[in-house]
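Spelled out from the first residue to the last, the chains are:
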2 protein chains.
Amino acid sequence: MKQKRFILPETEIPKQWYNIQADMKNKPMPPIHPGTKQPLKAEDLFPIFCEECARQELNQTDAWIDIPEEVREKYAYYRSTPLVRAYGLEEALGTPAHIYFKNESVNPLGSHKINSALPQAYYAKKEGVTNLTTETGAGQWGAALAYAAKVFGIESAVYQVKISYEQKPYRRSVMQVFGSQVTPSPSMSTRAGKDILTRDPNHQGSLGTAISEAVELAQMTPNCKYTLGSVLSHVSLHQTVIGLEAEKQMAMAGEYPDIVIACFGGGSNFSGIAFPFMRHTILEGRQTRYIAAEPKSCPKLTKGKFMYDFGDEAGYTPLLPMYSLGHDFKPALIHAGGLRYHGAGVIVSQLLKDGLMEAVDIAQQDSFSAGVLFARAEGIIPAPESCHAIAATVNEALKCKETGEEKVILFNLSGHGLMDMSAYDQFLAGALQNT
Amino acid sequence: MKQKRFILPETEIPKQWYNIQADMKNKPMPPIHPGTKQPLKAEDLFPIFCEECARQELNQTDAWIDIPEEVREKYAYYRSTPLVRAYGLEEALGTPAHIYFKNESVNPLGSHKINSALPQAYYAKKEGVTNLTTETGAGQWGAALAYAAKVFGIESAVYQVKISYEQKPYRRSVMQVFGSQVTPSPSMSTRAGKDILTRDPNHQGSLGTAISEAVELAQMTPNCKYTLGSVLSHVSLHQTVIGLEAEKQMAMAGEYPDIVIACFGGGSNFSGIAFPFMRHTILEGRQTRYIAAEPKSCPKLTKGKFMYDFGDEAGYTPLLPMYSLGHDFKPALIHAGGLRYHGAGVIVSQLLKDGLMEAVDIAQQDSFSAGVLFARAEGIIPAPESCHAIAATVNEALKCKETGEEKVILFNLSGHGLMDMSAYDQFLAGALQNT
């Protein structure tokens with residue numbers, strides 16, 4: 001019997017995260033303070049973020065950062081996640097490629113987001129913070145943060161992008177089970193929300209609008225900090241636990257990936273699986289392709305411009321050097337709510353600029369076709385976001401079928417789609433907008 | 001760092017199921033043919049069930065039955081499931097008890113049901129069957145069967161209990177993703193359904209009505225067999241993979257359970273976790289308590305009578321010797337759709353009669369209180385069915401708190417509740433019927 005799953009013993013779960021900034025030849029350009037136009041220092045972020053997260057954000061020197069023991073204790077409840085050889089998908093495609101996926105969908109709350117929610121909530125607790133705010137699209141991040149806050153005894157408030165709040169009501173329920181206050185964004189509860197609704201009363205929300213509201217609420221609330229589920233460098237740092245595990249697990253399978261693929265919203269799950277492998281490309285010249293799969297309707301990597309731009313719609317955040325569609329970009333109402341963001345994280349933006357990675361765009365219809373194919377072959381219904389990674393994987397595997405190459409492809413199954421079934425209903429009914 | 005998860009290497013996944021019938025001193029009484037009043041032979045079941053399942057159903061001699069390699073290949077995608085030490089729950093309760101749970105919620109489709117769906121679909125395929133029918137309550141079994149049928153290239157049709165079809169629309173979607181035809185039951189598509197609707201046009205369905213419809217469709221369709229997700233002895237047999245793994249995993253943790261707990265609908269997940277431990281009670285006199293947790297509103301074990309009764313509402317099935325509330329019992333519209341069944345499997349009924357196990361009943365409100373407590377402590381939102389097992393576990397753990405005993409409690413987390421969030425919404429809003 002061929003082995004299908006590779007799981008690390010508890011003792012092999014990483015004790016450090018990997019900070020790729022330290023190894024990059026061209027460092028990311030600095031975030032800029034919108035008032036002073038000066039490069040940002042960690043202290044400038046303290047009013048909004050936990051201090052430790054702010055320091056991690058700008059750390060360009062330490063390649064390895066210790067995972068606090070309290071966080072490792074929580075990781076141990078669900079890590080390592082399985083690395084799975086997708087024999088079913090290979091057979092369905094008739095490809096000679098070896099396809100592996102890292103199954104983050106079996107994490108608590110159903111996605112990789114918990115990997116950063118736990119340390120962010122832990123640092124908040126340690127620094128005496130009593131309240132956290134955040135934004136969420138589809139609700140994967142909001143659910144993870146709600147749980148992590150509960151674990152460490154902190155109150156949480158989540159602004160959920162309005163269209164996702166309506167498309168995916170169960171994720172709101174999940175956040176409420178963990179005691180979180182959930183508000184659809186844009187809302188009348190913040191100045192930013194009121195301004196947006198005044199300009200456009202039918203605004204369906206975006207991650208950009210929800211970030212503005214969450215940042216504003218954090219600033220207006222005593223002893224409250226803001227947390228973010230993607231884009232930022234410290235979030236990508238936390239997610240490297242995925243790739244560090246995957247590297248050991250691929251070794252258990254006796255293989256090494258030729259191609260590493262993940263879907264792309266702000267960059268956290270892509271960074272998480274790709275950076276640990278990319279260090280071998282940077283340091284040892286190892287030839288591996290890294291492919292970010294973004295939605296055709298929100299193509300910041302394939303069609304955006306590299307520029308200094310705000311991270312949110314209202315312009316509350318620092319200016320970030322990134323590939324962006326403009327901070328007032330209104331993405332189409334696709335079901336992959338977690339990918340509806342106008343910009344890319346600063347590290348990924350620099351890596352793309354330097355040609356260390358590639359990007360592809362995937363139409364909504366194609367993403368769900370790939371998702372249903374995968375579900376039927378592997379028994380897991382993937383999140384609409386993850387469907388983009390699967391579609392890109394299918395494309396690469398079919399190229400291998402043409403050429404006969406036995407390439408090793410690894411992709412990150414960032415989450416399950418069990419709360420996104422209305423999207424699958426529409427797809428099966430042929431009623432999905434193919435944007 | 002204390003170890004929290006225990007996972008078996010692929011080589012340790014059981015190669016045989018455990019058939020407790022062979023070891024029982026008092027064997028279950030035989031099912032009876034309703035026409036001839038004679039004890040049933042396996043051949044009598046061939047028109048409805050796959051032959052191998054029919055033989056397993058009545059096998060009272062072989063304690064160990066080989067798991068076909070093709071099924072083990074599929075098991076290996078997700079087994080072993082983790083055994084988890086619930087430190088979070090212990091802390092929340094302040095109990096000296098050691099609480100473990102077997103986490104079947106991370107299985108494909110989210111519950112233990114896949115463990116029997118795979119062999120049933122496999123045997124069907126092997127015997128040349130092209131179509132399968134079944135019933136489902138909450139949809140856990142229907143989803144598993146839909147996937148298993150797809151895996152082995154068989155068409156499937158599922159009758160879903162009407163109230164669950166409406167309460168849990170996402171599970172219908174899941175079945176449809178796997179290509180299954182899903183009909184709410186009672187329906188006008190069968191004679192049984194028409195009869196029921198004629199008598200009671202507002203009938204909200206029960207597992208008993210859905211079974212009648214699925215059996216009738218199987219009998220009316222060429223090359224079609226019926227499958228069942230619980231109650232029957234061969235289903236319990238397949239589920240023993242849970243307890244056989246748990247036994248090895250408890251040994252990894254250096255413990256042995258004093259109490260084994262599972263929720264109870266027809267008996268499959270209870271049997272699955274309990275029987276492998278119970279063999280040590282039967283054969284070696286090992287003292288362990290086995291507790292089945294059923295809903296207060298469907299109390300076949302605590303309030304039912306031991307009798308020969310039909311397994312379905314229309315009276316299509318053989319007469320089974322079981323604890324029953326009567327085959328026309330209409331259970332309250334609780335959210336634990338998988339527990340809304342009038343009878344208990346014949347093995348469990350005999351064991352209860354012989355005092356080898358206990359049963360407790362749990363009110364709906366108490367089950368959700370326990371579920372939310374567990375979710376906040378462990379990060380997993382349990383299925384409404386599993387909430388009953390958790391409530392019974394909490395009760396036992398609180399007794400330990402009173403007495404100071406460090407008892408070892410093992411329960412089966414049979415599934416997640418991510419598609420049952422409307423029930424949690426009602427609970428949080430205080431709008432849940434406490435039946």
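Our structure's up above, just so we're on the same page.
By convention here, each chain's residues receive numbers from 1 onward along its written sequence. All chains are assigned letters beginning at A, and all ligands numbers beginning at 1, according to the order in which they are written. Residues qualify for local features only when their pLDDT is at least 70, as the model is predicted, and side-chain atom pairs are given and counted only at 80 or more; totals for whole chains, interfaces and linings, by contrast, use all residues. Only hydrogens and water are removed before side-chain values are computed, so all heavy atoms of the structure are retained for them.

Chemist: Break down the overall build of chain A for me, with residues and values.
Modeler: Here a helix means four or more residues in a row that DSSP labels H or I, a strand means two or more in a row labelled E, and each is numbered from the N terminus. When helices and strands are tallied, chain A shows 17 helices and 15 strands. Within these notes, the globule rule equals 2.2 Å times the number of residues to the 0.38 power, and the radius of gyration is based on C-alpha atoms. Relative to the 2.2 N^0.38 estimate, which gives 22 Å for 435 residues, the radius of gyration of chain A is 20 Å and therefore close to what a compact globule would have. Partly exposed describes any residue whose relative accessible area lies between the buried limit of under 20% and the exposed limit of over 50%, with all areas from a 1.4 Å probe on protein chains only and scaled to the type maximum. A burial count over chain A gives 68% of its 435 residues as buried. Accessible surface, chain A: about 13,700 Å² in total, of which carbon and sulfur atoms supply 50%. Counting rule for charge: Lys and Arg are taken as positive, Asp and Glu as negative, and neither His nor the chain ends is counted. Taken as the charge centre is NZ of Lys, CZ of Arg, CG of Asp or CD of Glu, depending on the residue. In chain A, which carries 41 positive and 46 negative side-chain charges, the distance between the mean positions of the two groups comes to 1 Å. We get accessible surface area from the Shrake-Rupley algorithm with a probe of 1.4 Å; when it comes to residues, only the shown protein chains can shield them.

Chemist: Now, about the packing of aromatic side chains: what can you tell me, with residues and values included?
Modeler: Here a pair means two rings of Phe, Tyr or Trp (six-membered ring of Trp) with centres within 6.5 Å. Their orientation is stacked below 30 degrees between planes, edge-to-face above 60, and tilted elsewhere. Here the structure, examined in full by the defined rule, presents 29 aromatic pairs over all chains. Ring centres of Phe368 of chain A and Tyr424 of chain A lie 5.1 Å apart, and the angle between their planes is 85 degrees; this geometry places the pair in the edge-to-face category. One end of the pair, Phe368 of chain A, is in helix 15 (residues 364–378); the other, Tyr424 of chain A, is in helix 17 (residues 421–428), with 56 residues separating them in the sequence. For the pair Phe368 of chain A and Tyr424 of chain A, a shared accessibility class is recorded, and that class is buried. Members of the aromatic cluster, joined through ring pairs, are Phe101, Phe374 and Phe411 of chain A. Above the ring of Phe306 of chain A, the side-chain terminus of Lys353 of chain A is found at 4.6 Å from the ring centroid. Looking at Arg279 of chain B, its charged tip hangs above the ring of Tyr18 of chain B, at a distance of 5.6 Å from the centre. Two thresholds decide whether a charge sits over a ring: the Lys NZ or Arg CZ must be within 6 Å of the ring centre and within 35 degrees of the ring normal.

Chemist: Tell me about the side chain of Asn269 of chain A, and name the residues and values.
Modeler: The topology assignment puts Asn269 of chain A in helix 12 (residues 268–284). Filtering out sequence-adjacent residues up to four positions away, Asn269 of chain A remains in contact with His112, Ala262, Cys263, Asn412 and Ser414 of chain A. Residue contacts are counted whenever heavy atoms from the two residues lie within 4.5 Å of one another.

Chemist: Go over the relation of the copies chain A and chain B with me, naming the residues and quoting the values.
Modeler: The transform that puts chain A on chain B rotates by 180 degrees and translates by 0.0 Å along the axis, for an RMSD of 0.0 Å. Both chain copies can therefore be described as sitting about a two-fold axis. Ranked by how close their C-alpha atoms come to the rotation axis, the residues of chain A are headed by Val106 of chain A, at 2.9 Å. Comparing interface residues between copies, 100% of those in chain A also sit at the interface in chain B, which points to an isologous, same-surface contact. When the copies are overlaid, the least-squares fit takes in C-alpha atoms only where the residue has pLDDT of at least 70 in both copies.

Chemist: Describe the nonpolar core, listing the residues and the values that go with them.
Modeler: Among the nonpolar cores identified, the biggest contains 238 residues, and Met357 of chain A together with Met357 of chain B are the most heavily contacted of them. Sequence-distant contacts of Met357 of chain B, defined by excluding residues within four places in its chain, comprise Phe270, Met278, Tyr290, Ala292, Leu301, Val348, Leu351 and Leu352 of chain B. Nonpolar cores are built from buried Ala, Val, Leu, Ile, Met, Phe, Trp, Tyr and Cys residues. Side-chain atoms within 4.5 Å join them into one set.

Chemist: Pulling in residues and values, what's your account of helix 16 (residues 384–403) of chain A?
Modeler: All names here are of chain A. Here the expected span of a helix is defined as 1.5 Å times the quantity of residues minus one. Taking 1.5 Å of rise per residue, the 20 residues of helix 16 would be expected to cover 28 Å, and the 29 Å separating its terminal C-alpha atoms lies within 8% of that figure. Within helix 16, 14 of the 20 residues are buried, which leaves the element mostly enclosed by the surrounding structure. Immediately beyond the C-terminal end of helix 16, within one or two residues, lies Gly404, with a positive phi of roughly 80 degrees.

Chemist: Account for the interface of chain A and chain B, with residues named and values stated.
Modeler: The interface of chain A with chain B comprises 49 residues on the first partner and 50 residues on the second. By salt bridge we mean one thing: a side-chain nitrogen of Lys or Arg within 4 Å of a carboxyl oxygen of Asp or Glu. Linking chain A with chain B are 4 salt bridges. When the shortest N-O distance is used, the salt bridge between Asp425 of chain B and Arg172 of chain A registers 3.6 Å. The definition of a polar contact used here is a pair of N or O atoms within 3.5 Å, where within protein one atom must be able to donate a hydrogen and the other to accept one, and adjacent residues in sequence count solely through side-chain atom pairs. At the junction of chain A with chain B, the criterion picks out 16 residue pairs in polar contact (both at pLDDT 80 or more). Those elements that provide at least two residues to the side of chain A that touches chain B are helix 3 (69–75), strand 4 (83–85), helix 4 (87–93), helix 6 (140–151), helix 8 (169–177), helix 15 and helix 17 of chain A.

Chemist: So what's going on with the pattern of salt bridges? Which residues, and what values?
Modeler: Side-chain pairs of opposite charge can arise whenever the charged atoms involved come near each other. One pass over the full model with this rule turns up 40 salt bridges over all chains. Linking Arg289 of chain A and Glu358 of chain A is a salt bridge whose minimum nitrogen-to-oxygen distance equals 2.7 Å. With Arg289 of chain A in strand 11 (residues 289–295) and Glu358 of chain A in strand 14 (residues 358–362), this residue pair connects regions lying 69 residues apart in the sequence. Residue classification places Arg289 of chain A among the partly exposed residues on the basis of a relative accessible area of 26%. Judged by relative accessible area, which is 29%, Glu358 of chain A ranks as partly exposed. Between Lys248 of chain B and Glu12 of chain B there is a salt bridge, with the nearest N and O atoms lying 3.1 Å from each other. A residue pair is termed long-range when its members are at least 10 positions apart, and Lys248 of chain B in helix 11 (residues 233–252) and Glu12 of chain B in the loop between strand 1 (5–6) and strand 2 (16–18) qualify at 236 residues. Look at Glu12 of chain B and you get partly exposed, because its relative accessible area is 33%.

Chemist: Tell me about the sheet that holds strand 9 (residues 224–226) of chain B, residues and numbers included.
Modeler: Residue and element names in this part refer to chain B. The strand order across the open sheet formed by 4 strands is 8-7-6-9, and the pairing between neighbours is parallel. Looking at strand neighbours, the two that pair on one side only are strand 8 (181–185) and strand 9, the edges of this open sheet. Averaged over all pairs of adjacent strands, the angle between strand axes in this sheet comes to 20 degrees, irrespective of strand direction. Pairing between two strands requires that DSSP report at least two bridges joining them. Where strand 6 (residues 131–136) lies against strand 7 (residues 155–161), 6 bridges are found, and the strand directions are parallel. For Thr134, the partnering residue across the bridge sits in strand 7 and is Val158. For helices, the fitted axis covers only the stretch in contact; all axes are lines through C-alpha atoms, and the angles between them, taken along N-to-C directions, range from 0 to 180 degrees. Relative to strand 6, helix 10 (residues 207–220) is tilted by about 170 degrees, and along the sheet it contacts strand 6, strand 7, strand 8 and strand 9.

Chemist: Could you give an account of the environment of Gly110 of chain B, with specific residues and numbers?
Modeler: If you trace the backbone, Gly110 of chain B turns up in the loop between strand 5 (98–103) and helix 5 (114–126). Residue contacts for Gly110 of chain B: discarding those within four places in its chain leaves Glu104, Ser105, Gln140, Ser414, Gly415 and His416 of chain B.

Chemist: An account of the pairing of strand 13 (residues 319–324) of chain B is needed here, citing residue identities and associated values.
Modeler: Residues and elements named next belong to chain B. Counting buried residues along strand 13, 6 of its 6 residues qualify, which places the element largely inside the surrounding structure. Here strand 13 shows two buried faces, one formed by Leu319, Pro321 and Tyr323 and the other by Leu320, Met322 and Ser324. The pairing of strand 12 (residues 305–310) with strand 13 spans 6 bridges and is antiparallel. Bridge pairing in strand 13 places Tyr308 opposite Pro321.

Chemist: Describe in detail the environment of Asp361 of chain B, supporting the description with residues and values.
Modeler: Residues and elements named next belong to chain B. Relative to the elements of secondary structure, Asp361 occurs in strand 14 (residues 358–362). Between the C-alpha atom of Asp361 and that of Lys296, which follows or precedes it by 65 residues, the distance is 4.8 Å. At 3.2 Å, the side chain of Asp361 and the side chain of Lys303 are in polar contact.

Chemist: I'd love a proper account of the packing of helix 9 (residues 191–199) of chain B against helix 10 of chain B, names of residues and values included.
Modeler: Residue and element names in this part refer to chain B. Packing of helix 9 against helix 10 leaves a shortest axis separation of 8 Å and a crossing angle of 145 degrees. Here Arg191, Ala192, Gly193 and Ile196 of helix 9 lie close against helix 10, whose contacting residues are Thr209, Ser212, Glu213 and Glu216. Each residue gets one of three labels, nonpolar for Ala, Val, Leu, Ile, Met, Phe, Trp, Tyr, Cys and Pro, charged for Asp, Glu, Lys and Arg, and polar for the others, Gly among them. Counted by class, the contact of helix 9 with helix 10 contains 2 nonpolar, 3 polar and 3 charged residues.

Chemist: Account for helix 5 (residues 114–126) of chain A, with residues named and values stated.
Modeler: Residues and elements named next belong to chain A. Taking 1.5 Å per residue, 13 residues should reach 18 Å; helix 5 reaches 18 Å between its end C-alpha atoms and fits that length. Among all positions in helix 5, only Ile114, Asn115, Ser116, Ala117, Leu118, Pro119, Gln120, Ala121, Tyr122, Tyr123 and Ala124 are buried. Directly beyond the C-terminal end of helix 5, a positive phi value near 80 degrees is found at Gly128.

Chemist: Give me the lowdown on the packing of helix 6 (residues 140–151) of chain B against helix 8 (residues 169–177) of chain B, citing residues and values where you can.
Modeler: Residue and element names in this part refer to chain B. Interhelical geometry of helix 6 versus helix 8 gives an angle of 10 degrees and a closest axis separation of 8 Å. With respect to helix 8, the axis of helix 6 lies roughly parallel. For the pair helix 6 and helix 8, contact is made by Gln140, Gly142, Ala143 and Ala146 and by Arg171, Val174 and Met175, respectively. Looking at the contact of helix 6 with helix 8, its residues break down into 4 nonpolar, 2 polar and 1 charged. Each angle receives one of four descriptions, namely roughly parallel if under 35 degrees, roughly antiparallel if over 145, roughly perpendicular if within 65 to 115, and oblique otherwise.

Chemist: Can you break down the sheet that holds strand 11 of chain A residue by residue, with the values?
Modeler: Residue and element names in this part refer to chain A. Across the sheet, 7 strands lie side by side as 1-4-5-15-10-11-14; this open sheet has mixed pairing. Bordering the open sheet on either side are strand 1 (5–6) and strand 14, each of which pairs with just one other strand. Here strand 11 pairs with strand 14 via 5 bridges, running parallel. Pairing of Pro295 across the sheet is with Ile362, part of strand 14. Packed onto the sheet, helix 15 meets strand 5 (98–103), strand 14 and strand 15 (408–413) and runs at close to 95 degrees relative to strand 14.

Chemist: Could you give me a rundown of the side chain of Arg5 of chain B, with the residues and numbers involved?
Modeler: The residue Arg5 of chain B is located in strand 1 in this model. Although Arg5 of chain B is buried, it makes no salt bridge; Glu10 of chain A carries the closest opposite charge, 5.5 Å away. Polar side-chain contacts of Arg5 of chain B include one of 3.3 Å to the backbone oxygen of Tyr78 of chain A. Filtering out sequence-adjacent residues up to four positions away, Arg5 of chain B remains in contact with Ile7, Glu10, Ala76, Tyr77, Tyr78, Arg79 and Ser80 of chain A together with Pro82, Leu83 and Val84 of chain B.

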